[in-house]
Amino acid sequence: MAIISALIIISAVWSLLCGIFGIRAANDNQKIMIVWVFAIIGVILGVVGIIYSIVNGSFGQNALSMILGLIVDVLLFWIANNIKREAGK
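Parameters and conventions
- Throughout, residues of each chain are indexed from 1 in the direction in which the sequence is written.
- Owing to the predicted nature of the model, reporting of local features is limited to residues with pLDDT of at least 70; listing and counting of side-chain atom pairs is limited to 80 or more, with chain, interface and lining totals taken over all residues.
- Side-chain metrics rest on all non-hydrogen atoms present in the structure, leaving aside hydrogens and water.
- Cavities and pockets are found on a 1 Å grid laid over the protein atoms alone: a cavity is a set of points where a 1.4 Å probe fits but cannot escape, a pocket is an open set with protein on both sides within 12 Å along at least five of seven lines, and a lining residue has an atom within 4 Å of such a point.
- Grid points are joined across faces, edges and corners, and a volume is the space filled by probe spheres set on the points.
- Strands are runs of DSSP state E lasting at least two residues, helices are runs of H or I lasting at least four, and both sets are numbered from the N terminus onward.
- Think of it as three bins: nonpolar holds Ala, Val, Leu, Ile, Met, Phe, Trp, Tyr, Cys and Pro, charged holds Asp, Glu, Lys and Arg, and polar takes everything else, Gly as well.
- To qualify as a nonpolar core, a set must consist of buried Ala, Val, Leu, Ile, Met, Phe, Trp, Tyr and Cys residues joined through side-chain atoms within 4.5 Å.
- Residue burial is assigned from relative accessible area. The probe radius is 1.4 Å, only protein chains are included, and a residue is buried under 20% of its type maximum, exposed over 50%, and partly exposed in between.
- The contact definition used throughout considers only heavy atoms, calling two residues in contact when any of these lie within 4.5 Å.
- Each patch groups residues whose relative accessible area exceeds 30% and which form no salt bridge, using 9 Å between like charges and 5 Å between nonpolar side chains of Val, Leu, Ile, Met, Phe, Trp and Tyr.
- All accessibility values rest on the Shrake-Rupley procedure with a 1.4 Å probe; residue burial counts only the protein chains present in the view.
- Definition used for salt bridges: Asp or Glu carboxyl oxygen within 4 Å of a side-chain nitrogen of Lys or Arg.
- Multiply 1.5 Å by the residue count of a helix minus one, and that product is the helix's expected span.
- When two rings of Phe, Tyr or Trp (its six-membered ring) have centres within 6.5 Å they constitute a pair, described as stacked for plane angles under 30 degrees, edge-to-face for angles over 60, and tilted for the intermediate range.
- Here the positive residues are Lys and Arg and the negative ones are Asp and Glu; neither His nor the chain ends is included.

Re the layout of surface pockets
So, step 1. By volume, the largest pocket amounts to about 1100 Å³.
So, step 2. When residues of the lining of the largest pocket are traced back to their parent elements, those giving at least two are helix H1 (2–27), helix H2 (32–56) and helix H3 (63–88).
So, step 3. No other element matches H1, which puts 10 residues into the lining of the largest pocket.
So, step 4. When the residues that make up the lining of the largest pocket are grouped by side-chain class, the tally is 14 nonpolar, 13 polar and one charged.

Here's what the structure looks like:
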């Protein structure tokens, strides 16, 4: 239970940092690179978490939460990638 609680707290802090850096980058397109890196790491961690849950047999309990988290990370990456491309032009 302690490990799950620690992972939930880390996930919440990660999401908060993504949001803070995203707002900062929204004001200045040149600062999008950190959001892009956070999004890539978030997608990787989301996929690894889903695979771990499937292997562990606990995917059914929190499948919706994990899938929604992965969707948000993928959308964040897609948006950051588009902004990065626009800033580079």
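A look at the nonpolar core
Where a protein is soluble and globular, its nonpolar side chains tend to be buried together.
So, step 1. Ala-25, Ile-32, Val-35, Trp-36 and Ala-80 form the largest nonpolar core, which has five residues in total.
So, step 2. In terms of residue count, the dominant contributor to this core is H2 (three residues).
So, step 3. Not counting the four nearest positions on each side in its chain, Ala-80 is found in contact with Ile-32, Val-35 and Trp-36.

Some words on a nonpolar patch on the surface
So, step 1. On the surface, a nonpolar cluster with roughly 690 Å² of combined accessible area is contributed by Leu-64, Ile-67, Leu-68, Ile-71, Leu-75, Trp-78 and Ile-79.
So, step 2. Locating Ile-71 in the fold gives a position in helix H3.
So, step 3. On the basis of relative accessibility, which here comes to 43%, the residue Ile-71 falls in the partly exposed class.

Focus: H2
Spacing of three or four residues puts side chains on the same side of an α-helix, whose turn is 3.6 residues.
So, step 1. The terminal C-alpha atoms of H2, which comprises 25 residues, lie 36 Å apart, in line with the 36 Å expected from a rise of 1.5 Å per residue.
So, step 2. Of the residues flanking the end of H2, it is Gly-57, one or two places downstream, whose phi is positive at about 85°.

Description of the packing of aromatic side chains
Here a ring pair, both rings aromatic, is described through the centre-centre distance and the interplanar angle of the planes.
So, step 1. All chains considered together, the criterion is met by three aromatic pairs.
So, step 2. Ring plane angle 55° and centroid distance 5.2 Å describe the contact between Phe-21 and Phe-38, whose orientation is recorded as tilted. Of the two residues, Phe-21 sits in helix H1 while Phe-38 sits in helix H2, which places them 17 residues apart along the sequence.
So, step 3. Site record: aromatic cluster; members linked through ring pairs are Trp-14, Phe-21 and Phe-38.

Some thoughts on the side chain of Asp-73
So, step 1. Inspection of the secondary structure assignment puts Asp-73 in helix H3.
So, step 2. Despite its burial, Asp-73 remains without a salt bridge, the nearest opposite charge being carried by Lys-84 at 17 Å.
So, step 3. If we skip the residues at most four places from it in the chain, Asp-73 touches Ala-39, Gly-42 and Val-43.

No statement about biological role is implied by the geometric values presented.
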